[in-house]
Amino acid sequence: AQSVTQPDIHITVSEGASLELRCNYSYGATPYLFWYVQSPGQGLQLLLKYFSGDTLVQGIKGFEAEFKRSQSSFNLRKPSVHWSDAAEYFCAVATRGFGNEKLTFGTGTRLTIIP
Amino acid sequence: GAGVSQTPSNKVTEKGKYVELRCDPISGHTALYWYRQSLGQGPEFLIYFQGTGAADDSGLPNDRFFAVRPEGSVSTLKIQRTERGDSAVYLCASGTRNTGELFFGEGSRLTVL
């Protein structure tokens, strides 16, 4: 069965600093990979996804992520964070199938932004 | 509405009671998912519908949990004989087949006293 590990429970960065959130997955084949963001009082929102092709994927809000098969990683990055980026971030993996994108989520990383 | 709508947003009940949580997906989305998110955890898969049928219910924790989607749109998650361990946020998501993107509602927070 697939699994996702987000080793950092909580990260604090200064506004304007760069950000990298780590994600490692376990899956026997090439997975579908996702990053979602959850802000207080809001539903999960998709930031970006990787299915195939270019291993560097661009998402919304200036985020990007790089799929590294050799490291089983899909780390999320942003060159300069804004105070509005404070939220909970979840990495997820889905089995490749026909229509069932059942997601397995990591436990999340809470991002705090300081002025 | 434009997004996935879940009601109620908050539900407090007593141990042993019956609870229903409703999800109204985005119009036209054939896929509907229920997830459960406990405090400090990521969402955990419960059940997936494609149309009216439950295509995958492997995440339902036991037979006290049941979900229906009789007309292929609105879904109801039903929990019988609630237990304190059922306290969590129940998330609903909808999507279209093979697009790889799920749209989540804000969730229904269930508290069992």
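The structure displayed is predicted, hence computed values, not measured ones.

1. Things to note about the overall build of chain A
Counting its secondary structure elements, chain A contains 0 helices and 12 strands. In summary, chain A has a C-alpha radius of gyration of 14 Å against a globular reference of 13 Å for 115 residues, a match within 12%. The proportion of buried residues among the 115 residues of chain A is 48%. In chain A, once contacts between residues fewer than 6 apart in sequence are set aside, the share between residues at least 24 apart is 55%. With 10 positive and 9 negative side-chain charges, chain A shows a separation of 6 Å between the mean positions of the two kinds.

2. Side note on the overall build of chain B
The helix and strand tally for chain B stands at 0 helices and 11 strands. When its helices and strands are written in sequence order, chain B yields β-β-β-β-β-β-β-β-β-β-β. Whereas a compact globule of 113 residues would reach a radius of gyration of roughly 13 Å, chain B reaches 13 Å, a difference of no more than 12%. Structurally, chain B occupies a C-alpha span of about 40 × 25 × 25 Å along its principal axes.

3. Side note on the pairing of strand β7 (residues 65-68) of chain B
On β7 of chain B, burial follows the alternation: Phe65 and Ala67 of chain B on one face are buried, whereas Phe66 and Val68 of chain B on the facing-out side are not. Where β7 of chain B folds back onto strand β8 (residues 75-79) of chain B in an antiparallel hairpin, the turn is made up of 6 residues, including Gly72 of chain B, whose phi is positive at roughly 80 degrees.

4. Some words on the packing of aromatic side chains
Aromatic ring pairs are described here by two measures, namely the spacing of the ring centres and the angle between the planes. What the rule picks out here adds up to 16 aromatic pairs over all chains. A centroid spacing of 6.3 Å and a plane angle of 85 degrees characterise the contact between Phe90 of chain A and Phe105 of chain A, whose relative ring orientation is edge-to-face. With Phe90 of chain A in strand β10 (residues 87-94) and Phe105 of chain A in strand β11 (residues 103-105), this pair connects stretches of sequence that are 15 residues apart. Since its relative accessible area comes to 1%, Phe90 of chain A is described here as buried. For Phe105 of chain A, a relative accessible area of 9% translates into the label buried. Taking the centre distance of 5.9 Å and the plane angle of 75 degrees together, the rings of Tyr35 of chain B and Phe45 of chain B count as edge-to-face. Taken together, the residues span a long stretch of sequence, with Tyr35 of chain B in strand β4 (residues 31-37) and Phe45 of chain B in strand β5 (residues 44-50) at a distance of 10 residues. The pair formed by Tyr35 of chain B and Phe45 of chain B is uniform in burial state, with each residue classed as buried. Three or more aromatic residues joined by ring pairs form one cluster here, namely Tyr32, Phe34, Tyr36, Phe51, Phe90 and Phe105 of chain A together with Tyr33, Tyr35, Phe45, Tyr48 and Phe104 of chain B.

5. A short note on the sheet that holds strand β1 (residues 5-7) of chain B
All names here are of chain B. One open sheet accounts for 4 strands, arranged β1-β3-β8-β7; its pairing is antiparallel. Taken across any chain shown, the strands that pair with only one partner, and hence form the sheet edges, are β1 and β7. Strand-to-strand twist across the sheet, computed as the mean angle between neighbouring axes with direction ignored, equals 15 degrees.

6. Quick look at the environment of Ala86 of chain A
Among the structural elements, Ala86 of chain A can be located in the loop between β9 (73-78) and β10. The contacts of Ala86 of chain A, once residues within four sequence positions are left out, are Leu111 and Ile113 of chain A.

7. Section: the side chain of Ser108 of chain B
Residues and elements named next belong to chain B. Note that Ser108 resides in strand β11 (residues 108-112). Among the polar contacts made by the side chain of Ser108, one reaches the main-chain carbonyl oxygen of Pro8 at a distance of 2.6 Å. When residues no more than four places from it in sequence are discounted, the contact partners of Ser108 are Gln6, Thr7, Pro8, Ser9, Leu21, Ala88, Val89 and Tyr90.

8. Notes on the nonpolar core
Grouped burial of nonpolar side chains is what soluble globular proteins tend to show. Residues and elements named next belong to chain A. Within the largest apolar cluster, 26 residues are counted, with the highest numbers of intra-cluster contacts made by Leu19, Trp35, Leu47, Leu48, Phe74, Leu76 and Tyr89. Put simply, the parts of the chain that give this core at least two residues each are β2 (10-14), β3 (19-21), β5 (32-38), β6 (45-50), β8 (64-68), β9, β10 and β12 (109-114). If one sorts the elements of this core by residue count, β10 sits on top with 4 residues.

9. Thoughts on the environment of Trp35 of chain A
Looking at the element boundaries, Trp35 of chain A is found in strand β5. With 28 residues separating them along the chain, Trp35 of chain A and Pro7 of chain A place their C-alpha atoms 15 Å apart.

10. Here we look at the side chain of Ser75 of chain B
Residue and element names in this part refer to chain B. Take Ser75: it is sitting in strand β8. Looking at Ser75, its side chain comes within polar contact range of the side chain of Trp34, at 2.9 Å. Ignoring anything within four residues of it in the chain, the contact list for Ser75 reads Leu21, Arg22, Cys23, Leu32, Trp34, Phe49, Val68 and Arg69.

Reading the values: the criteria
Residues numbered from 1 in each chain as written. Chains lettered and ligands numbered in written order. Predicted model: local features only at pLDDT ≥ 70, side-chain atom pairs only at ≥ 80, totals over all residues. Heavy atoms only, no water. Helix = DSSP H or I, 4+ residues; strand = E, 2+ residues; numbered from the N terminus. Rg over C-alpha atoms; globule rule 2.2 N^0.38 Å. Buried < 20%, exposed > 50% of the residue type's maximum accessible area, 1.4 Å probe, protein only. Contact = heavy atoms within 4.5 Å. Lys, Arg positive; Asp, Glu negative; His and termini not counted. Charge placed at Lys NZ, Arg CZ, Asp CG, Glu CD. Pairing = 2+ DSSP bridges. Phe/Tyr/Trp six-rings, centres within 6.5 Å; stacked < 30°, edge-to-face > 60°. Axes fitted to C-alpha atoms, helices over the stretch in contact; angles between N-to-C directions. Polar contact = N/O pair within 3.5 Å; in protein donor to acceptor, adjacent residues only side chain to side chain. Core = buried A, V, L, I, M, F, W, Y, C linked by side-chain atoms within 4.5 Å.

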